[in-house]
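# Structural overview for review
Single-letter residue listing:
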Amino acid sequence: MAEVLEEHGTDRWNFSHLPEVVVFAESRDDVVAVMKFANERGIPVTTRGAGVGYVGGCVPVEGGIALSVVRMNSVVEIMPEDGVVVTQPGVILRDLQVAVSELGWYYPPDPASLNECSIGGNLATNAGGPRCLKYGVTKNYVLGLEVVLASGEILHVGGRCHKNKTGFDLLHLFVGSEGMLGVITEATLRIIPHPQTRAMLTATFPEFVDAAGAVQAILNSGHLPSALEITDEFTLKAARAYLGEGSLRPGKAHLIVEIDGRAKAVASELKELEEVLNFFLALSSEFHGAPGAAHAPGAQR
Ligand SMILES: Cc1cc2nc3c(=O)[nH]c(=O)nc-3n(C[C@H](O)[C@H](O)[C@H](O)COP(=O)(O)OP(=O)(O)OC[C@H]3O[C@@H](n4cnc5c(N)ncnc54)[C@H](O)[C@@H]3O)c2cc1C
């Protein structure tokens, strides 16, 4: 019992405050009942997904009820014909991505914690991640939400239509609202065709300014990588200390360029990108992944 309270009193941040009680909702009706009960008695409720946030959003700072939705973990419907997936909030992101990729479809948002984080948490934090350069963040994939308000009332916002452009945008008021406006109990999300293949190019540079120049040149020359991550000298030093001196090639800056698309296009784009990196004095560059390989359903990373 004490361990359950403790576990639900913190997230990946180092601040903790215990709830009085933890409720594991198994359905929307459970959420409605909890919210009505708490509202009538003035009891604080803090909604919790997987608890891997870094800013204490699911920490019950006022005590009261920690409302966990991890047991609401079913993918309700995958409909490639409509380009949508309907899901409960407790589904782990990786499980959703694998389920849609098995049908050749893709749900791109990934806040670098896909093995652990929940869809509800992603929605409530408008989670981003490395691939937002090309694919945007969670809010770009939300079509409709079912939300239980503090009073226990059920609200439906948005729908399942991709081009839903009229009226007040109440949907996006809830995305990124950190659980403060209601509990998300179901979400209708946009999915897109899965890229056939994915490949990565990494390089080290003499100075940070060279790597930064390469980043701008990549974009200026019309490439839109799925991810583009630059690492400075300070961070490289920490990585070498952790992984061992020989783990990363010499250089004061490091660049990761990830691209995806059709196999032939990816293969030729990699060559063009390597030329850009060499122009900016790359000390070393390496290919990762197999640009010729077709997309393997379920193989996400
Ligand atoms: C290694 C690592 C890397 C990360 N990198 C990134 C990154 O690049 N970008 C990024 O954005 N985040 C990043 N994060 C943070 C984390 O992945 C996201 O915040 C994620 O969305 C949290 O999901 P969760 O299910 O753990 O939510 P929780 O931590 O449980 O909750 C987060 C917030 O959402 C609310 N909430 C949860 N479920 C619901 C619901 N059903 N209805 C209403 N409100 C709800 C909670 O009250 C809380 O305010 C990273 C985390 C880790 C561990």
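Quick note: structure is the one above.
Parameters and conventions
- Residues numbered from 1 in each chain as written.
- Predicted model: local features only at pLDDT ≥ 70, side-chain atom pairs only at ≥ 80, totals over all residues.
- Heavy atoms only, no water.
- Helix = DSSP H or I, 4+ residues; strand = E, 2+ residues; numbered from the N terminus.
- Buried < 20%, exposed > 50% of the residue type's maximum accessible area, 1.4 Å probe, protein only.
- Lys, Arg positive; Asp, Glu negative; His and termini not counted.
- Charge placed at Lys NZ, Arg CZ, Asp CG, Glu CD.
- Pairing = 2+ DSSP bridges.
- Axes fitted to C-alpha atoms, helices over the stretch in contact; angles between N-to-C directions.
- Contact = heavy atoms within 4.5 Å.
- Expected span 1.5 Å × (residues − 1).
- Core = buried A, V, L, I, M, F, W, Y, C linked by side-chain atoms within 4.5 Å.
- Near = heavy atom within 4 Å.
- Polar contact = N/O pair within 3.5 Å; in protein donor to acceptor, adjacent residues only side chain to side chain.
- Areas by Shrake-Rupley, 256 points an atom, 1.4 Å probe, with all protein chains shown as cover.
- 1 Å grid on protein atoms, 1.4 Å probe; cavity = no way out; pocket = protein on both sides within 12 Å on 5 of 7 lines; lining within 4 Å.
- Sits in = over half its atoms within 2 Å of the grid points.

### A closer look at the overall build of the chain
Looking only at helices and strands, one finds nine helices and 14 strands in the chain. Its C-alpha atoms give the chain principal-axis dimensions of about 65 × 45 × 35 Å. Looking at the 301 residues of the chain, the share that counts as buried comes to 44%. Taking the average location of the 23 positive side-chain charges in the chain and that of its 35 negative ones, the two points are 5 Å from each other.

### Quick notes on the pairing of strand S5 (residues 84-87)
Neither face of S5 is open: one carries Val 84 and Val 86, the other Val 85 and Thr 87, and all of them are buried. Relative to S5, strand S4 (residues 75-79) runs antiparallel, the two being bridged by four bridges. Within S5, the residue paired with Ile 78 across the bridge is Val 85. Taking the residues that link successive antiparallel strands as the turn, the S4-S5 hairpin has four residues, and the phi of Gly 83 there is positive, at about 65 degrees.

### A few points about the sheet that holds strand S1 (residues 21-24)
Taken together, three strands build an open sheet; the order of strands is S1-S3-S2 and the sheet is parallel. Sheet topology places S1 and strand S2 (45-48) at the edges, where each strand pairs with a single neighbour. Averaged over neighbouring strand pairs, the angle between their axes works out to 25 degrees when direction is ignored. Pairing of S2 with strand S3 (residues 65-68) involves four bridges; the strand directions are parallel. Within the sheet, the bridge partner assigned to Arg 48 lies in S3 and is Ser 68. Most of the contacts of helix H2 (residues 28-41) go to S3, to which it runs at about 165 degrees, and overall it touches S1, S2 and S3.

### A closer look at the sheet that holds S4
In space, the five strands of this open sheet follow the order S4-S5-S9-S7-S8, with antiparallel pairing throughout. Single-partner strands in this sheet number two, and they are S4 and strand S8 (154-158). On average, each strand axis in the sheet is inclined to that of its neighbour by 10 degrees, with strand direction left out of account. By the bridge criterion, five bridges tie strand S7 (residues 142-148) to S8 in an arrangement that is antiparallel. In the sheet register, Leu 145 faces S8, and the bridge partner there is Val 157. Against the sheet, H2 touches S7, S8 and strand S9 (183-190), its axis set at about 50 degrees to S7.

### Let's talk about helix H7 (residues 208-220)
Look at H7: 18 Å from first C-alpha to last across 13 residues, which is about the 18 Å you get at 1.5 Å a residue. Among the residues making up H7, those that are buried are Asp 210, Ala 211, Gly 213, Ala 214, Val 215, Ala 217 and Ile 218. At its buried positions, H7 is contacted by strand S11 (197-205), strand S12 (227-231), strand S13 (253-261) and helix H9 (263-279). After H7 finishes, the residue Gly 222 shows a positive phi value of roughly 90 degrees.

### Section: the nonpolar core
In terms of nonpolar packing, the biggest core is built from 26 residues, with Leu 96, Tyr 107, Ile 119, Leu 123, Val 142, Leu 145 and Leu 189 touching the most fellow members. Taken together, the elements giving at least two residues each to this core come down to helix H3 (93-101), helix H4 (119-125), S7, helix H6 (171-174) and S9. Ignoring any residue separated from it by four or fewer positions in sequence, one finds Val 142 in contact with Leu 123, Leu 171, His 172, Val 175, Thr 188 and Leu 189. Within the second largest apolar cluster, 20 residues are counted, among which are Ala 211, Leu 228, Leu 255 and Val 266.

### Section: the site of the ligand
The environment of the ligand is formed by 31 residues, the closest being Thr 47, Val 52, Pro 111, Ser 113 and Ser 118. The contact in question runs from an oxygen atom of the ligand to an N or O atom on the side chain of Thr 125, over 3.0 Å. Relative to its unbound accessible area of 990 Å², the ligand is 85% covered by the protein chains. The cavity that encloses the ligand is the largest pocket. Every element with two or more residues in the shell around the ligand is listed here: S2, H4 and S9. By residue number, the principal contributor to the shell around the ligand is H4, which donates five residues.

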